[in-house]
Structures are given as structure tokens and as C-alpha cells.
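The residues making up each chain are set out below.
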Amino acid sequence: MNTAKLQITVRDGSLSGQTREVSTGFLTIGRSADCSLQFHPHSDRVVSTRHAVIQAEAGGYYLIDRQSRNGTYVNGKRVERIKLNNGDLVQFGTGGPHAIISIAQAAKIVHPPKNKLPEFKIPEYAAGDSHIDGHAEANFRQSLADFGLYNPDRPSSDHGSRKHRGIAIVLLVAVFLSLLVISLVFWELGTRISLIATTTAFLPAIIYILPLLWLDRYDPEPPWALASAFAWGALVAVVVSLVLNSAVIALMGDAIGVLVSAPIIEEASKGLGVLLFLIVLRHEFDDILDGIVYAGVIALGFATVENVFYYGRNLLEHGNEGLFYTFVMRGILSPFAHVIFTSMIGIGCGIARESHNWALRVLMPIVGYFMAVTLHAVWNGIASFGGNVFFTGYLLFELPFFLLFVFFLFFIAYRERSILHEMLSAEVGMGLITGEQLKIATSSLKSLGWIISGVGIGKYTPRRKFLRALAKLGLSYWHIQRATAAQGETKSFRLSPILRGEVKKWRSEI
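The text that follows walks through the structure, step by step, so that each part is easy to find. Fair warning: this is a prediction, and the values are worked out from it, not measured in the lab.

**Brief notes about the environment of Thr19**
Mapping Thr19 onto the fold places it in strand β2 (residues 19-22). Residue class for Thr19 comes out partly exposed when judged on its relative accessible area of 37%. Considering only alpha carbons, one finds Thr19 and Gln7, 12 residues apart in sequence, at a separation of 6.6 Å. Those residues in contact with Thr19 that sit more than four places away from it in its chain are Gln7, Ile8 and Thr9.

**Describing the sheet that holds strand β3 (residues 26-30)**
As summarised here, the arrangement of the five strands in space is β4-β3-β5-β6-β9, forming an open sheet in which the pairing is mixed. Of all strands in the sheet, those with a lone pairing partner are β4 (37-38) and β9 (81-83), marking the two edges.

**A look at the pattern of salt bridges**
Counted under the stated rule, the structure contains 10 salt bridges. Arg468 is the salt-bridge partner of Glu284, the closest N and O atoms lying 2.4 Å from each other. Taken together, the residues Glu284 in the loop between α6 (254-280) and α7 (288-332) and Arg468 in helix α13 (residues 460-485) connect sequence positions 184 residues apart. The exposure class assigned to Glu284 is buried, which follows from its relative accessible area of 8%. Classification of Arg468 as partly exposed rests on a relative accessible area of 23%. Between Lys472 and Asp286 there is a salt bridge, with its nearest N and O atoms 2.5 Å apart. Within this pair, whereas Lys472 is found in helix α13, its partner Asp286 is found in the loop between α6 and α7, the two being separated by 186 residues in sequence. A residue is classified by how much of its surface remains accessible, and Asp286, at 4% relative accessible area, is buried. One network of salt bridges, with partners in common, ties together Asp219, Glu284, Asp286, Arg468 and Lys472.

**Remarks on the packing of aromatic side chains**
Following the criterion strictly, the structure yields 16 aromatic pairs and no others. Ring geometry for Phe26 against Tyr477: centres 5.3 Å apart, planes inclined by 50 degrees, an arrangement best described as tilted. Taken together, the residues span a long stretch of sequence, with Phe26 in strand β3 and Tyr477 in helix α13 at a distance of 451 residues. Pair check on accessibility: Phe26 and Tyr477 agree, each one buried. Following the ring pairs from residue to residue traces out a cluster consisting of Trp379, Phe390, Phe391 and Tyr394. Over the face of the ring belonging to Tyr62 we find Arg81, whose NZ or CZ atom lies 4.4 Å from the ring centre. One residue, Arg330, lies across the ring of Tyr310, its end atom 4.0 Å from the ring centre.

Parameters and conventions
Residues numbered from 1 in each chain as written. Predicted model: local features only at pLDDT ≥ 70, side-chain atom pairs only at ≥ 80, totals over all residues. Heavy atoms only, no water. Helix = DSSP H or I, 4+ residues; strand = E, 2+ residues; numbered from the N terminus. Buried < 20%, exposed > 50% of the residue type's maximum accessible area, 1.4 Å probe, protein only. Contact = heavy atoms within 4.5 Å. Pairing = 2+ DSSP bridges. Salt bridge = Lys/Arg side-chain N within 4 Å of Asp/Glu carboxyl O. Phe/Tyr/Trp six-rings, centres within 6.5 Å; stacked < 30°, edge-to-face > 60°. Lys NZ or Arg CZ within 6 Å of the ring centre and 35° of its normal.

Functional significance is not addressed by these values, which are geometric in nature.
This is the structure:
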């Protein structure tokens, strides 16, 4: 493990005499306002906007050029990636500023005061500097890039008021849609049937969601985010699908409605929710597994309300036998049908989140949507035949695909565990966490037991938040590593120091 500490001291240019330490695993260098070592946007034009990165790895510190226009030089030689040594002289661009590297064994780690995040310094410019307008422009671009990210320096009053207005609007829409769905159910089924059908549909949903929560154990999504996903499926997707499907059936008949419009419309309404989570909650949406989780919860919300109608209609038409038969078909044989369909969109959005290739970012959600529509249409086609045809199709097609999907889920969960273990291992050597804490963070049983054991001693919340911040930090490092390899960008460059501060904050309370 790397136990040394690196310092880079700038010798000339706009940052002459300034020093930075690599203590978070990554140091970004360039003229952009989001760089840790930010040169002046005008006086150091030879330095690229995002010029280079110094990355802490198990074997030492590595300097990586980010395809800068004027190149990066170490001891006079142009480099793309090189391990840094004590005393190395780095130059950013031909004729650009120089910096000296100092690597020494880390001194005793001093933890920051309780509940205080690390202090990050921003280069200062003198009043009347003729280049101040360019710096202000860079800060404006940075504020747009930081949209949706936690920033401890951002004034809280105006941000809080906008947040409260947003929450109020969302709640108002949710209440309206809830009343609309409830009214539709009671209008069609009546009070007694509605209550029976709702109970039959919603109680098993509590069990159905447990596998998704288990998959999400290493980096659990916030409860409010999962509740919002369920609400999107149960309210927005249901209302949109009900209105549009009813219109198509009225115009073109049941067959077209079941085999064509239902798969297209329902997967579009659910998939739009997944896409919104990818865009709006990008700091929570980290990888393919998160895409599956959000898509699965949205699909469960949709399927639960849809089941209310199916159970109620069959109870009305065929009595208890009709309800029992429908529950077996939808609640036992195929409770995860909608989850599998919409998870294809979640996988596509997850690949888009992980990738730095713009073609994949655009195409994969679309490919996922078409796969979801295809699977949905095949399922509806098989189910429409009923009887022996359905059971034959179920055994030969649906069941094997379901088992393959389950195997893929186990693989994705194992992949996320491996990512966290690899990314956080360096933090053991750097003193942020202990080896035992790393084992706890990457073990579902150990982490669960450790959190539960803190209930009686008042450490349940600190331990839960410590593990979540640690998982987010590991995934943040992973995004940075992928962005660096692809010469791309990621908000994790700015988010990782904040997450590291969160880990330190909760570490003192666990």
C-alpha cells in the first residue's frame, strides 16, 4: 500500500509558490474552475483547461496527461503516464509553468475536528486584475456543472427555498395523481372489491421489493429516492398508460392494445422515469446496478397498481376463484415480469452512466427500451393464448430468461463489491479507514451485523451513514479512474473530496 504523501509546489506562473497535497487520491490540474490546482484562465494559456491528473495508486503516485494541447513534461521528457518520484520537475506545456514534486513518508494522521469538513482553497486574484472577468465566467460555468451536487460553501437560504418549493410542487402532483388513481379504482370496482384487491396487490409488494434492496446493499439508495421511483411507476406511469392504452383500444381494438400499444406505451412511461433519475439524480445513479434497482422499483410500483385492477376485475367477474387464479398467475408465477422488462432500460441507462463514449450514452438507453418493449410484447403474446400454450411458453422461454436475469444480477452485485474493494484499498494505506472497516464495507453480512449492533449503543445512524459515504467515495474514485482512462469528464472530481470529508466526519462517531 502507498503510505507516502505527495506535494506539488508550483515554481512560476500564476500559482508561483503555491503548494497542493494529494490526500484524496486524485489531484486535477488545469485552467478549469473544477481543477484542484487551477492556473489562471488567461495568463497561463499554455496550460490546457483540463491538463493532467495526479492519481494515487497502490504502487505510488502517477501523473497522467489528459490529451493536453501543449503536452506534459517530466524532467524535460514529454509523457502520457508516468510514476512520479521525489524531486521530479514537471512542466505543463512547452514554455509553461514548472512544478517540483516532493514525496515523503506520511506523518501521523490528524483527524479534522468533529463535524467539520476539510477546507479547500481556491486561487485568489487581486482586485482590479484585468483577467477577473474570465475567472468569473469560469465560475459561472462551474456553478452550472455543480447543479444538483452538495456544496458546503453554497448559501443555503435561497437554495433551501427553491428546494422547498420543488418539494411542495412534487407533493402536490403526487397527491393529485394519488386521488385520481384511487378514484378510478373505486369508480370501476366499488368500495369492498377495491379494498380487497388493493390489499392483495400491495402486501406482497413489500416482499417483492426485498430482492432489489438486497442487490443494493453495498451502496443503498436513499429511501426517498426509492419511494419516488415507486410513486412514479404507481402514479405517473399508470395514469399515462391507462389513458393512452384506452384510447388505442377504443380506436384499434383489444389485440392491438395488448400486443402493440401496451408494451410501447407502458415501457415508455416507466422508462422515462428511469431516464429522469439518471439525469436529475446523477450523483445517486452510479452504475448498471443502480439502473436495475431504480427501474425495478418503478416497475414494481406500476405492476402493483396494475394488479389492483386485474385482481378486482377477476374478483367481480369470477369470485374468489378468479381472484386466486389471477394471484397465482401474476403474484406467484410472474411477479417480476415488469421488473425484467423495465430493467432492460435500467441496464441501458446504467451503461450510459458508466460510459464516456457519447455514442453509447445516447444509444444504450434506446437499445434498452427496444429490448423492454420486445420482452413485454412476447410475454403479452404468450399470456393471451392462455392454457397449455401459456405454460409451454412460460417453461421454455420466460423461466429460462428469468433465471439468466437472476444470474446477471448476482454478477453485477459481485462486480460492484469488487469495484469498492479495489477503489477503497488505497484508503487503508492512506489511513482514512482500517482494514477491518474495508471488510465490513464490502461484506453484506458483516455490514448488516455491524449496523444492527450499533442500535443499542446509539451508533446505528453514524455507522449507516459512514458505510454509505464510504461506498459513494469508492464509486466516485471508480468514475474518476474511468474518466481519466477515457480522457473524459466526471463530477466525481469535485464530489470525492466532499465524500472523503463525510467519511472522516462519521468515522469519529462509529
